[in-house]
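Architecture and fold: a report
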Amino acid sequence: MSTPTPGTQFDVERQTGQAPLLTAENGHGPVRWAEENREALRAAVDEHGAVLVRGLGLRDPAEVADTFQRLVSGGLMPDREAFAARQPYLDGVYSSLTWPANQPMCMHHELSYALEFPGLMLFACLQAPGAGGVTGVADARAVLDAIPPDIARRFENEGWLLARSYNQDIGATYEEAFGVSNRADVEEYCRAHKIEFQWQPDGELRTRQRRPAVVRHPVTGQRCWFNQVAFLSEWTIAPEVREYLVDVYGPDGLPFNTRFGNGEPIGEDIIALLNETYETHTLRTPWETGDLMLVDNIRMAHSREAYEGPREILVGMAEPRNIFDLEPHAQDGAQ
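Quantities reported herein were computed from a predicted structural model and do not represent experimental measurements.

To continue, consider the overall build of the chain. Within the chain, the regular secondary structure consists of 8 helices and 20 strands. Relative to a compact globule of 335 residues, whose C-alpha radius of gyration would be 20 Å, the chain shows 20 Å and is just as compact. Overall, the C-alpha framework of the chain stretches about 60 × 40 × 35 Å when taken along its three principal axes. Within the chain, residue pairs in contact and separated by at least 24 positions form 79% of the contacts whose partners lie at least 6 positions apart. Here the chain has roughly 14,500 Å² of accessible surface; of this, 46% comes from carbon and sulfur atoms.

Take a look at the structure:
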């Protein structure tokens, strides 16, 4: 059915199991449409958490960059601390993460392990794949409510820990992640961003960063499950890939892994439960070439499904937030 978004000129279509969809009337091109409809679109995102805009006909990276810039305040953010490489385009516009097409990217909140992360994600589809490749979304409030209270309480009390091992073979190198190559500059970055670091004898860098697993939305104050505990876990890696990585790099040399905030391992059963909970709350609408999608990165997690054929999704990040500014106060209790 179609439900009007209060206070806007838009009717956002809500279908069971699908992302909120807005069909744009676009007679003057996507850049002008974005300029004229910015406030209405942003109100729709505030209402629904994410909106897929169809009918804009986005055609190339330059047009995408101009459109993104019209929709955000404060410009686009540089990409830092990504766990896989992105191809830069221009003006803060990047490719999607380099990730095998046959392996899904599980639900996550972009850069939820970073000290500074984007409050808003922007996606543009320049080539829809032949099959699959959906960018799914899931409401972080509903996910938190669905997680067993004892598990949610532990994560809220302790936070979560991301352990990374940077090498030249798997994932992003530390030069790509931090945007610097000198060791002293890497160490300065880590200290400034509350990241513990340790250099290995072979020059490999290992880091650990503890972050909140639950945050309060800066506008609504609602509590949101906000992390990448399940996605960056060793138990979400394909078993044969995990076995190979452990054999080559050792259990402490995985490119990434997650733990409870006190450093204890997270069981495979908990990771499976989290991914099942996400699956229950996932909304999916297949991409069409020319589509635009805006996602509130705190309220909504997003994913990328496996796909076949060429796929080109451009990404922008905007409206930075500091993770510790949103951490719930201890006296608030747990879900």
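Take the pairing of strand β4 (residues 50-54) next. Taking burial as the measure, the 5 residues of β4 include 5 buried ones, the bulk of the element. Residues Ala50, Leu52 and Arg54 point to one face of β4 and Val51 and Val53 to the other, with burial holding for every one of them. Relative to β4, strand β3 (residues 21-23) runs parallel, the two being bridged by 3 bridges. Looking at the pairing, threonine 23 lines up with arginine 54 of β4.

Mapped onto the elements of the fold, leucine 274 is located in helix α8 (residues 268-280). Judged by its relative accessible area of 2%, leucine 274 falls in the buried class. Along the primary structure leucine 274 and glutamine 87 are separated by 187 residues, whereas in three dimensions their C-alpha atoms are 30 Å apart. Setting aside anything within four residues of it in sequence, one finds leucine 274 in contact with Ile147, Trp225, Val229 and Ala230.

It is worth spelling out the nonpolar core at this point. Formed by 66 residues in total, the largest nonpolar core has its most connected members in Phe83, Phe123, Val137, Phe155, Trp225, Met293 and Val295. For valine 295, the contacting residues outside a window of four places in its chain are Gly49, Ala50, Gly119, Leu120, Met121, Phe123, Val137 and Met300. Counting 29 residues, the second-largest nonpolar core is a separate cluster that includes Leu41, Leu56, Val72 and Leu120.

On to the packing of aromatic side chains, then. Per the stated rule, a full pass over the model turns up 12 aromatic pairs. Note on phenylalanine 10 and tryptophan 33: the rings are 5.9 Å apart at their centroids and 20° apart in plane angle, and the pair reads as stacked. With phenylalanine 10 in the loop between β1 (2-4) and β2 (11-13) and tryptophan 33 in helix α1 (residues 30-48), the pair connects residues that are 23 residues apart, well separated along the chain. Ring plane angle 35° and centroid distance 4.8 Å describe the contact between phenylalanine 178 and tyrosine 189, whose orientation is recorded as tilted. Placement of the pair is phenylalanine 178 in helix α5 (residues 174-178) and tyrosine 189 in helix α6 (residues 183-192), with a sequence separation of 11 residues. We note that phenylalanine 178, like tyrosine 189, is buried. Members of the aromatic cluster, joined through ring pairs, are Phe83, Trp99, Phe231 and Phe256. Between the NZ or CZ atom of arginine 183 and the centre of the ring of tryptophan 199, over which it lies, the distance is 4.1 Å. One residue, arginine 311, lies across the ring of tyrosine 307, its end atom 5.5 Å from the ring centre.

The strand order across the open sheet built from 4 strands is β6-β18-β9-β16, with neighbouring strands paired in antiparallel fashion. A strand with exactly one partner marks an edge of an open sheet, and here the two such strands are β6 (105-108) and β16 (282-283). Two elements, β6 and strand β18 (residues 300-304), share 2 bridges in a ladder whose sense is antiparallel. Considered in β18, the bridge of histidine 108 is made with histidine 302.

Residue position: isoleucine 270 is located in helix α8. When its relative accessible area of 15% is taken as the criterion, isoleucine 270 is described as buried. Linking isoleucine 270 and tryptophan 235, residues 35 residues apart in sequence, is a C-alpha distance of 9.6 Å. Ignoring anything within four residues of it in the chain, the contact list for isoleucine 270 reads Ile151, Phe155 and Phe260.

Here the phi dihedral of leucine 111 falls at roughly 55°; this positive angle occurs in a residue that is not glycine. As for its position among the elements, leucine 111 is in the loop between β6 and β7 (116-127). The phi angle at glutamate 319 is positive, at roughly 60°, despite the residue not being glycine. Counting through the fold element by element, glutamate 319 comes out in strand β20 (residues 312-322).

The next subject is the side chain of histidine 108. Summarising the element assignment, histidine 108 is placed in strand β6. Residue classification places histidine 108 among the buried positions, given a relative accessible area of 2%. Only 2.8 Å separates the side chain of histidine 108 from the backbone oxygen of cysteine 106, close enough to count as a polar contact. Setting aside chain neighbours within four positions, we find histidine 108 in contact with Asn227, Gln228, Phe231, Ala301 and His302.

Thresholds, definitions, all that
Residues numbered from 1 in each chain as written. Predicted model: local features only at pLDDT ≥ 70, side-chain atom pairs only at ≥ 80, totals over all residues. Heavy atoms only, no water. Helix = DSSP H or I, 4+ residues; strand = E, 2+ residues; numbered from the N terminus. Rg over C-alpha atoms; globule rule 2.2 N^0.38 Å. Contact = heavy atoms within 4.5 Å. Areas by Shrake-Rupley, 256 points an atom, 1.4 Å probe, with all protein chains shown as cover. Buried < 20%, exposed > 50% of the residue type's maximum accessible area, 1.4 Å probe, protein only. Pairing = 2+ DSSP bridges. Core = buried A, V, L, I, M, F, W, Y, C linked by side-chain atoms within 4.5 Å. Phe/Tyr/Trp six-rings, centres within 6.5 Å; stacked < 30°, edge-to-face > 60°. Lys NZ or Arg CZ within 6 Å of the ring centre and 35° of its normal. Polar contact = N/O pair within 3.5 Å; in protein donor to acceptor, adjacent residues only side chain to side chain.

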